[in-house]
Amino acid sequence: MASAADHRFGSGHFSRGRWTYTPVFDTSNTVVGFLALAKPGTTVGENINAVWLERQGSGAGSTWSSAGWYLGDQALAARSVATALSVSEESLTNLPFDIGDQALGSLESEAPAPMARGLFADDPLQSLLESTPAPGEAVEELVSAGYAAARLGDGGGEGEVPPEEGGCDWEYLYSSAIASQTFETTGDLQEAADDYIAQMTALGCPCLPWVFSTPPTPWVIGTTSNWTFLRRGQLAASSAIACWYTRFRLDQRSVTRVAVDWTCTTTLCTQTQTRKVTEEAYCLATEDTCPPTPDCSLGAIGTNAGAIVTTQDLGWLPLCPWE
């Protein structure tokens, strides 16, 4: 059984199609598996949105098994991997989509169920996939219909359902593991991409399209604007008068990404994410003119002394060439 902090989520991750893969390392800096998470908004219905890809063996001859979660809760999936492998708590923040922050606040876990061909191993449709000449296309149709299925790497043009033997699926995972280990050791994106290309080439496989990303930098907190007076009005069903105000700030963080295309050509791109944090204040007032800035000494509307804070994600810019 694993003991405290036997493993950690890697500081970088790679993506292909709808899926983003975060490596899990042991104490010798070897990738033992990947937690694959579907990008938000890309799954429908009962689609499997979290898959654990576990490595068996070592070297280029590694094989890979897959397992998924019935509940569709990515934070639960992350916590389950962390619990099973004694993954260090601090490394949960390396996961994409801020899933790690959610997993840190939970103690729930659930063992994943074995998968094969993109379905759960005990799914009654497995017999159909065994007999069809194009299981990948069949799984894609099931995914589109919202069935409990997952096609890893979908959108990239491959014809198989990883991780299956053949079609360079296992080689792709092995080459990505080597690249992940390189980045974990050197922190060099280009070197990691070069190692991915070298491994795929040595194994006689095409460079399946692949994007490797650094973890986001810490948020740089922007300067808060001055208060702006919005309006003064009477509260509904009341004789009370209130003054409304607002102010905001723009926070930013960045990532650097490297993409490898089918021709084994690399492209680097740096993106910045901006979030707008808005604060609104609602203060009770007399019949006199509202002051230029909030003064809730006469009372406030709502909670937190009349202040309401909202955060809006303004997205990542500029778009990278491959997006």
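Structure: see above.
Calculation criteria
- Residues numbered from 1 in each chain as written.
- Predicted model: local features only at pLDDT ≥ 70, side-chain atom pairs only at ≥ 80, totals over all residues.
- Heavy atoms only, no water.
- Phe/Tyr/Trp six-rings, centres within 6.5 Å; stacked < 30°, edge-to-face > 60°.
- Helix = DSSP H or I, 4+ residues; strand = E, 2+ residues; numbered from the N terminus.
- Buried < 20%, exposed > 50% of the residue type's maximum accessible area, 1.4 Å probe, protein only.
- Lys NZ or Arg CZ within 6 Å of the ring centre and 35° of its normal.
- Contact = heavy atoms within 4.5 Å.
- Expected span 1.5 Å × (residues − 1).
- Arc of directions from axis to C-beta.
- Polar contact = N/O pair within 3.5 Å; in protein donor to acceptor, adjacent residues only side chain to side chain.
- Disulfide = S-S within 2.5 Å.

Trainee: Go over the packing of aromatic side chains, please, and point to the residues and values.
Mentor: Within this structure, the stated rule accounts for 13 aromatic pairs. A ring pair is formed by Trp244 and Tyr282, whose centres lie 5.9 Å apart and whose planes are at 90 degrees; its orientation type is edge-to-face. Within this pair, whereas Trp244 is found in strand S11 (residues 241–260), its partner Tyr282 is found in strand S12 (residues 266–285), the two being separated by 38 residues in sequence. Comparing Trp244 with Tyr282 shows no difference in burial state: the two are buried. The ring of Tyr172 has Arg16 sitting right over it, with the charged end atom 5.5 Å from the ring centre.

Trainee: Which residues make up the side chain of Ser180, and what values do they have?
Mentor: Along the polypeptide, Ser180 turns up in helix H5 (residues 169–186). Ignoring anything within four residues of it in the chain, the contact list for Ser180 reads Phe14, Pro23, Phe25, Val31, Phe34 and Phe212.

Trainee: Explain helix H6 (residues 189–202) to me, and be specific about the residues and the numbers.
Mentor: Over its 14 residues, H6 runs 20 Å from end to end, which matches the ideal 20 Å to within 8%, given 1.5 Å per residue. Listing the buried residues of H6 in full gives Leu189, Ala192, Ala193, Tyr196, Ile197 and Met200. With its buried residues spanning 135 degrees around the axis, H6 presents them on a single face. As for H6, its buried residues are in contact with H5, strand S9 (210–213), S11 and S12. With a side-chain oxygen lying 3.0 Å from the backbone nitrogen of Gln190, the N-terminal cap of H6 falls on Asp188. Phi for Gly204, located one or two positions after H6, is positive at around 75 degrees.

Trainee: So what about the state of the cysteines? Which residues, and what values?
Mentor: For the coordinates displayed, the defined rule picks out five disulfides. The disulfide partner of Cys207 is Cys264, and the gap between their sulfur atoms is 2.0 Å. Taking the torsion about the S-S bond as the criterion, the Cys207 to Cys264 disulfide, at about 90 degrees, is right-handed. Placement of Cys207 in the loop between H6 and S9 and of Cys264 in the loop between S11 and S12 is noted, with a sequence separation of 57 residues between them. Residue class for Cys207 comes out buried when judged on its relative accessible area of 0%. Given the relative accessible area of 28%, Cys264 is considered partly exposed. One disulfide bridge connects Cys243 with Cys290, the sulfur atoms lying 1.9 Å from each other.

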